[in-house]
Amino acid sequence: MSSFQPVRGMRDLTNQDAETLSYVISKARETAQLYDFQEVITPVVEPLELLSAKSGEEIRQRMFIFEDLGGRKVALRPEFTASIARLATTTLKNEPKPLRLFSVGSVYRYDEPQKGRYREFWQANFELMGSSRPEADAEVILLANSLLKKVGLKGYALKLGHVGVLKGIMTQEGMDDKTQNAILQKMDKKEYDAALAMVTSEKCQSTLRGLIDLKGSDVFDTVEQMKAHLQGYEKAVAAVEDLAAVLKLVTESGCPIETVDPAFARGLEYYTGMIFELYVPELDIALGGGGRYDKLIEVFGGEPTPAVGMAAGIDRISLAVQAQKTALQKPSQKNVMVIAIKEAQKTKALRIAQMLRDADVSAEFEVMGRKMAKALEDADKRNVDYAVIVGERELKEGKVVLKNLKQRTQTEAEIALLAQKIKV
Ligand code: AMP
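The present account deals with the structure reproduced in this document. Keep in mind the model is a prediction, meaning the values are calculated, not measured.

This next bit is on the site of the ligand. The full set close to the ligand counts 16 residues, and Arg 109, Asp 111, Tyr 118, Arg 266 and Ala 286 are the nearest of them. At 2.8 Å, a side-chain N or O of Arg 109 approaches an oxygen atom of the ligand. For the ligand, an oxygen atom lies 3.1 Å from a polar atom in the side chain of Gln 123. Relative to its unbound accessible surface of 490 Å², the ligand loses 93% to contact with the protein.

Next comes the structure, spelled out in C-alpha cells:
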C-alpha cells in the first residue's frame, strides 16, 4: 500500500464530502446569479506584492510564498479580494458601476489545522464595488443570508458590527495605524486584555472596555447604547449611525440580525465600515464573513471606489450541512449500469449507454469484464438504480432487459423508449 499522504492541512475529498462541497459551490453560484453577480476567474498564484498590499499582518504571516523559476516572488492566494481589486483597477476599470463580481475557488493559509480550519480551503467570494451607501452593505448581507437559506441550513445567525467604531475612537486618541491594526487583531481573537494593554490613554482604555462589556436588550437597543457611550467621539458616533442604517435596511427586508457586537473586529486590515459574520449553533467558528472596504481600490492605484464584499467558507458550510443532516436538494438523478451478456453485444451495449447519456440519463458501462451475476452484484453494492442487460435474443426485437435493482423487478424495454422509461 502506498504511504503517500496529503500535505498537512490539505485534504483529499471523496464521496459524500466531495458531493457536499460541490453542492455548496453550486448553491453559491446560483445565489450569485440571483443577485446578478458576474463570475470572474483569477489565478491561484499571484505576485507577493499584490497579496501583501493590504491583507493584514495576520494573513501575511500565513501565506505560502515561493520564488518561481523566473525568480518572481509569488504566493498562493490567501483570499480573493486583492485579485478582484486588481481586476477592478485594470480590465474592468471602465465598466459601469456598480460592479457585482463573484468568484469561487481554493485559497491557502498556513493556519493550524483543526476541525473547520485547513491550509487549503474553498471560498465563494462576492464583491459589490462602486457604492458607499448602506443599501450596498444591506445587499451583501441579504445575499449571505440567501446563500445559507438556499443551502438549506437552519438556525443560522448573523453578527454585525462596524470597524469605524473602534477605529474612530483610536484615531481620535491619536493612535497610529499600525498600533490600531495590532489592537484590532487581538480584539478579533477576543483577547481583550492583551488588546487593552496596548492602549496607553486611560480614557481610551475605559471607553473600549465599556464597549466590550456593553449588552443591549436587543440589537436596536445595543446600537442606542453604543451611541450614548461614545458621546464626544464624533467619528465613532458617525460609524454607529451608519451601522444603524444598515441594520434598519436589513431587518426591515426580512433578514433578522441576531447580534450587534459593539467591539467587533475582523482579521483583514482593509475593512473601513460595516463588518459581519455568519454562524450556526452546531459550529463555534464563522461560516463566512465580510464587510466594507472603501480604500482598497486606491491602494491598487485605482480611482477612489467604495466597496463591500463577503467570503463564504465553503468547507465550513459543508460541515454545517453534514452536522444538520441537511438533505442536498438536487434533482433526483437515476443511474444505470449497462452490461453486455456476451462479447458480441459489446458495441451495441456501448451505443445504448451513449444514447442514455445523450438523453441526460447517467449511465455507467461495465468495463471490468465481469460475468453477469458479478456485475449485477457490484451495481447493487454501489446503489445503482437500474441495470440494462444487452443480450442477443432481445436485441433481435430492438429490445433490452431493464432490471430495477431497487424494486427487484425486471421487464423488457424497447431501446427507443428506454431513456423515457428510466426517467419516469
Ligand atoms: P476571511 O477571508 O478571513 O474573512 O474568511 C472568510 C471565511 O473563510 C471564514 O468565515 C471561514 O468560513 C473561512 N475560512 C477562513 N479561514 C479558514 C481555514 N483555515 N479553513 C477553512 N475555512 C476558513
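Let us now look at a nonpolar patch on the surface. Together, Val 44, Val 45 and Phe 66 make up a nonpolar patch on the protein surface, roughly 210 Å² of accessible area in all. With respect to the element layout, Val 44 can be found in the loop between strand 1 (38-39) and strand 2 (45-47). A relative accessible area of 30% places Val 44 in the partly exposed class.

This brings us to the environment of Ala 265. Structurally, Ala 265 can be placed in the loop between strand 8 (259-260) and strand 9 (274-279). Between the C-alpha atom of Ala 265 and that of Gln 185, which follows or precedes it by 80 residues, the distance is 7.3 Å. Every residue in contact with Ala 265, bar those within four places of it in the chain, is listed here: Leu 166, Leu 184, Met 187, Asp 188 and Ile 275.

To continue, consider unusual backbone geometry. That bond from Lys 97 to Pro 98 is cis: its omega, 0°, falls within 30 degrees of zero. Inspection of the secondary structure puts Pro 98 in the loop between helix 4 (81-89) and strand 5 (99-108). Although it is not a glycine, Lys 190 adopts a positive phi angle of roughly 60°. For Lys 325, which is not a glycine, the phi torsion comes out positive at approximately 50°. Within the secondary structure, Lys 325 sits in the loop between helix 13 (314-323) and strand 12 (335-340).

It is worth spelling out the sheet that holds strand 12 at this point. The strands that make up a sheet pair up through hydrogen bonds in the backbone, lying either parallel or antiparallel. What the 5 strands build is an open sheet, ordered 13-12-14-15-16; its pairing is mixed. On the outer flanks of this sheet lie strand 13 (362-365) and strand 16 (409-414), each paired with one strand and no other. Direction aside, the axes of adjacent strands within the sheet are offset by 25° on average. With 5 bridges connecting them, strand 12 and strand 14 (residues 386-390) associate as parallel partners. Residue Val 338 lies in a different strand from strand 14, and its bridge partner there is Val 388. The strands that helix 14 (residues 346-358) touches are strand 12, strand 13, strand 14 and strand 15 (399-404); relative to strand 13, the one it contacts most, it runs at about 160°. Sheet strands touched by helix 15 (residues 372-381): strand 12, strand 14 and strand 15. Its angle to strand 12, the strand with the most contacts, is close to 170°.

Moving on, we come to the sheet that holds strand 4 (residues 73-76). In space, the 3 strands of this open sheet follow the order 2-4-3, with antiparallel pairing throughout. Each of the sheet's edge strands pairs with one partner strand only, and the pair in question is strand 2 and strand 3 (65-67). Taking the axes of each pair of neighbouring strands and ignoring which way they run, one obtains an average angle of 40° across the sheet. Taken together, the 3 bridges between strand 2 and strand 4 define a ladder with antiparallel strand orientation. When the bridges of strand 4 are listed, Pro 47 appears paired with Val 74.

A few words now on the packing of aromatic side chains. Scanning all chains against the criterion turns up 6 aromatic pairs. Between the aromatic rings of Tyr 270 and Tyr 271, the centroid separation amounts to 5.2 Å while the plane-to-plane angle is 65°, which identifies the pairing as edge-to-face. Just as Tyr 270 is buried, Tyr 271 falls in that class too. These aromatic residues form a ring-pair network of at least three members: Phe 37, Phe 102 and Phe 126. Of note, Arg 11 hangs over the ring of Tyr 118, and the distance from its end group to the ring centre comes to 3.6 Å. One residue, Lys 159, lies across the ring of Phe 264, its end atom 4.4 Å from the ring centre.

What counts and what doesn't
- Residues numbered from 1 in each chain as written.
- Predicted model: local features only at pLDDT ≥ 70, side-chain atom pairs only at ≥ 80, totals over all residues.
- Heavy atoms only, no water.
- Near = heavy atom within 4 Å.
- Polar contact = N/O pair within 3.5 Å; in protein donor to acceptor, adjacent residues only side chain to side chain.
- Areas by Shrake-Rupley, 256 points an atom, 1.4 Å probe, with all protein chains shown as cover.
- Patch = residues over 30% accessible without salt bridge, like charges linked within 9 Å, V, L, I, M, F, W, Y side chains within 5 Å.
- Salt bridge = Lys/Arg side-chain N within 4 Å of Asp/Glu carboxyl O.
- Helix = DSSP H or I, 4+ residues; strand = E, 2+ residues; numbered from the N terminus.
- Buried < 20%, exposed > 50% of the residue type's maximum accessible area, 1.4 Å probe, protein only.
- Contact = heavy atoms within 4.5 Å.
- Pairing = 2+ DSSP bridges.
- Axes fitted to C-alpha atoms, helices over the stretch in contact; angles between N-to-C directions.
- Phe/Tyr/Trp six-rings, centres within 6.5 Å; stacked < 30°, edge-to-face > 60°.
- Lys NZ or Arg CZ within 6 Å of the ring centre and 35° of its normal.

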